[in-house]
Amino acid sequence: MENQKQLRNTLLLVFAALIWGTAFVAQSVGSGYMGPYTFLASRSWLACAFLLGLMAVRRVGQRRAGRRLPFWLHGKTLAVGGALCGVALFAASAAQQMGIGTTSTAKAGFMTALYVVLVPVCGIFLGSRPGPKLWACVVVSVVGLYLLCLAGRDSLSLTGGEWQLLLCAFLFTLQILLVNHFSPRLDGIQLSFAQFFTVSVLSTVFMFVFEQPTPEQFAGAAVSVLYCGIMSSGVAYTLQIVGQQELDPTIASLAMCLESVFSALAGWIILGQTLTGTELAGCVLMFAAIVASQLPDRKRS
């Protein structure tokens, strides 16, 4: 019975990674119709509506069970945590949406996934001490990044979109560290709603300042916005919450690492994007570094 539950939860996380990976295709298609802030505002408001509905359904279940809890828990901490996490998520998502419109979904997926390696490295500033294995993963991921983006070029410099995706990985690292700080004291779904609400407000402001949204843009990108807003931000996040319950953290991390692989496969199957042999080698090295960074160290006897 326990093994069945572990398998079920693992499959839920793999499905979440599949949704996130294919969302790179939706983002790429959507970038052809509207600006990054317009796209981000649209999907974020949809995510807010989905999560608010999820909280309302859960509220009904709590009342039927005889539990009378306030709708918002730890309001002041939730407001501060949601605002800080939301600002970081807004910056990361905007950088990702800008970058994804100028490169392949495979590059976007693997470069974004670098946060898996960067999170423990940035933990140095919080007092942790990464071991030799993690530093080896950093070196391998840098080599993989070189093969994916720079090998064969006359100039050893990243393009504007690639710099934006690299910045996106660092910003997602900051957002994850902030979530790790606030999540133990808050309800997970409520924290997610608070940060998406912050993203929605900020992206809407930036949309009207820097872009000119039109009904035609929303009509053209409707499917992409719906998929990213409901499936990627709403459904996949819920699957992550359920799937990570009582599941080994290493297994959970490895399952979600598949997001980068699914992004490459989706770009190839749906958009017809291909990679050279050198770029594929870079993807393999980066994926190996991402997976290895999540494997537990052997305990000394």
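Residues numbered from 1 in each chain as written. Predicted model: local features only at pLDDT ≥ 70, side-chain atom pairs only at ≥ 80, totals over all residues. Heavy atoms only, no water.

### Notes on the overall build of the protein
Filter applied, for reference: The secondary structure listing takes helices from DSSP runs of H or I that are at least 4 residues long and strands from runs of E that are at least 2 residues long, numbered from the N terminus. Atoms considered for the radius of gyration are the C-alpha atoms alone. The globule rule reads 2.2 Å times the number of residues to the power 0.38. Each residue gets one of three labels from its accessible area relative to the maximum for its type: buried under 20%, exposed over 50%, partly exposed in between, using a 1.4 Å probe on protein chains only. We call two residues contacting when some pair of their heavy atoms lies within 4.5 Å. Computed with the Shrake-Rupley method and a 1.4 Å probe, the accessible areas treat only the protein chains shown as cover for residues. Under the convention used here, Asp and Glu are negative, Lys and Arg are positive, and both His and the chain ends fall outside the count. We put the charge of a Lys on NZ, of an Arg on CZ, of an Asp on CG and of a Glu on CD.
Counting secondary structure elements, the protein contains 12 helices and 0 strands. A globule of 301 residues ought to have a C-alpha radius of gyration of about 19 Å, and the protein, at 19 Å, matches this closely. Its C-alpha atoms put the protein at 65 × 65 × 35 Å along the principal axes. When the 301 residues of the protein are sorted by exposure, 46% land in the buried category. For the protein, long-range pairs separated by at least 24 residues make up 88% of all intrachain contacts whose partners lie at least 6 apart in sequence. Carbon and sulfur atoms make up 68% of the accessible area of the protein, which amounts to about 15100 Å² in all. Measuring between centres, the 18 positive side-chain charges of the protein sit 15 Å from its 11 negative side-chain charges.

### Focus: the pattern of salt bridges
Note the cut-off: Each salt bridge in this description consists of a side-chain nitrogen of Lys or Arg and a carboxyl oxygen of Asp or Glu lying within 4 Å of one another.
Scanning the entire structure with this criterion turns up 3 salt bridges. We note a salt bridge from Asp187 to Arg58, for which the minimum N-O separation is 2.9 Å. Of this pair, Asp187 sits in the loop between α7 (160-182) and α8 (188-210) while Arg58 sits in helix α2 (residues 36-64), placing them 129 residues apart in sequence. For Arg58, a relative accessible area of 28% gives the class partly exposed. By sharing partners, the salt bridges in this structure join Lys107, Glu162 and Glu279 into a single network.

### Structural notes on the side chain of Gln217
Inspection of the secondary structure assignment puts Gln217 in helix α9 (residues 215-220). You can call Gln217 buried: its relative accessible area is 19%. Those residues in contact with Gln217 that sit more than four places away from it in its chain are Tyr33, Met34, Thr38 and Gln212.

### Observations concerning unusual backbone geometry
Even without being a glycine, His74 presents a positive backbone phi close to 50°. Structurally, the position occupied by His74 is in the loop between α2 and α3 (75-100).

### What about the confidence of the model for the protein?
Selection criterion: Scored from 0 to 100, pLDDT records how confident the predictor is in each individual residue.
Model confidence for the protein is summarised by a mean pLDDT of 86, while 95% of its residues fall at 70 or above. By mean pLDDT, the top-scoring element of the protein is α9 (95), and the lowest-scoring one is helix α5 (residues 115-122) (81).

### Regarding the side chain of Ser203
Operational definition: Here a polar contact means two N or O atoms within 3.5 Å. Within protein one must be a hydrogen donor candidate and the other an acceptor candidate, and residues neighboring in sequence count only if both atoms are side-chain atoms.
Following the sequence through the fold, Ser203 ends up in helix α8. Judged by its relative accessible area of 0%, Ser203 falls in the buried class. In this structure the side chain of Ser203 is engaged in a polar contact, spanning 2.6 Å, whose partner is the backbone oxygen of Val199. Excluding its chain neighbours within four sequence positions, the residues that come into contact with Ser203 are Tyr37, Leu40, Ala41 and Phe90.

### Examining the nonpolar core
We count it as follows: Put simply, a nonpolar core is a bunch of buried Ala, Val, Leu, Ile, Met, Phe, Trp, Tyr and Cys residues held in one set by side-chain atoms that sit within 4.5 Å of each other.
One finds Leu51 and Phe196 to be the most contacted residues of the largest nonpolar core, which totals 21 residues. Broken down by secondary-structure element, the contributors of at least two residues to this core are α2, α3, α7 and α8. The biggest single contributor to this core is α2, with 7 residues. Leaving out residues up to four positions away in the same chain, Phe196 has contacts with Ser44, Ala47, Cys48, Leu51, Leu89 and Ser233.

### Some points on the state of the cysteines
Condition: Any two cysteine sulfur atoms within 2.5 Å of one another count as a disulfide.
On inspection of all chains with the given rule, the structure shows 0 disulfides. Cys283 provides the cysteine sulfur closest to Cys149, a residue in no disulfide bond, and the two sulfurs are 8.8 Å apart. For Cys149, a relative accessible area of 3% gives the class buried.

### Here we look at the packing of aromatic side chains
As a reminder, the rule being used: Aromatic pairs are defined between Phe, Tyr and Trp rings, using the six-membered ring for Trp, whenever the two ring centres lie within 6.5 Å; interplanar angles under 30 degrees are classed as stacked, those over 60 as edge-to-face, and all others as tilted.
This structure, assessed with the given rule, holds 9 aromatic pairs. When the ring of Phe193 is compared with that of Phe197, the centres are 6.2 Å apart and the planes differ by 25°; the resulting orientation is stacked. Of this pair, Phe193 and Phe197 are both found in helix α8, 4 residues apart, which corresponds to roughly one turn of the helix. Judged by relative accessible area, which is 12%, Phe193 ranks as buried.

### Quick look at the packing of α3 against α8
Using the following cut-off: Here, axes are lines fitted to C-alpha atoms. For helices the fit covers the stretch in contact, and angles between N-to-C directions go from 0 to 180 degrees. With respect to orientation, any angle under 35 degrees is reported as roughly parallel, any angle over 145 as roughly antiparallel, any angle of 65 to 115 as roughly perpendicular, and every other angle as oblique. Left-handed describes a crossing whose near helix is turned anticlockwise from the far helix through less than a right angle; right-handed describes the clockwise counterpart. Classification convention: Asp, Glu, Lys, Arg as charged; Ala, Val, Leu, Ile, Met, Phe, Trp, Tyr, Cys, Pro as nonpolar; all other residues, Gly among them, as polar.
Relative to each other, α3 and α8 sit at 50°, their axes nearing to 7 Å. Overall, the two elements α3 and α8 adopt an arrangement that is oblique. Seen from above, α3 lies across α8 with right-handed handedness. Residues Leu78, Gly81, Gly82, Ala83, Cys85, Gly86, Val87, Leu89 and Phe90 of α3 form the contact with α8, whose own contacting residues are Gln190, Leu191, Ala194, Gln195, Phe196, Thr198, Val199, Leu202, Ser203 and Phe206. Taken together, the residues of the contact of α3 with α8 break down into 12 nonpolar, 7 polar and no charged.

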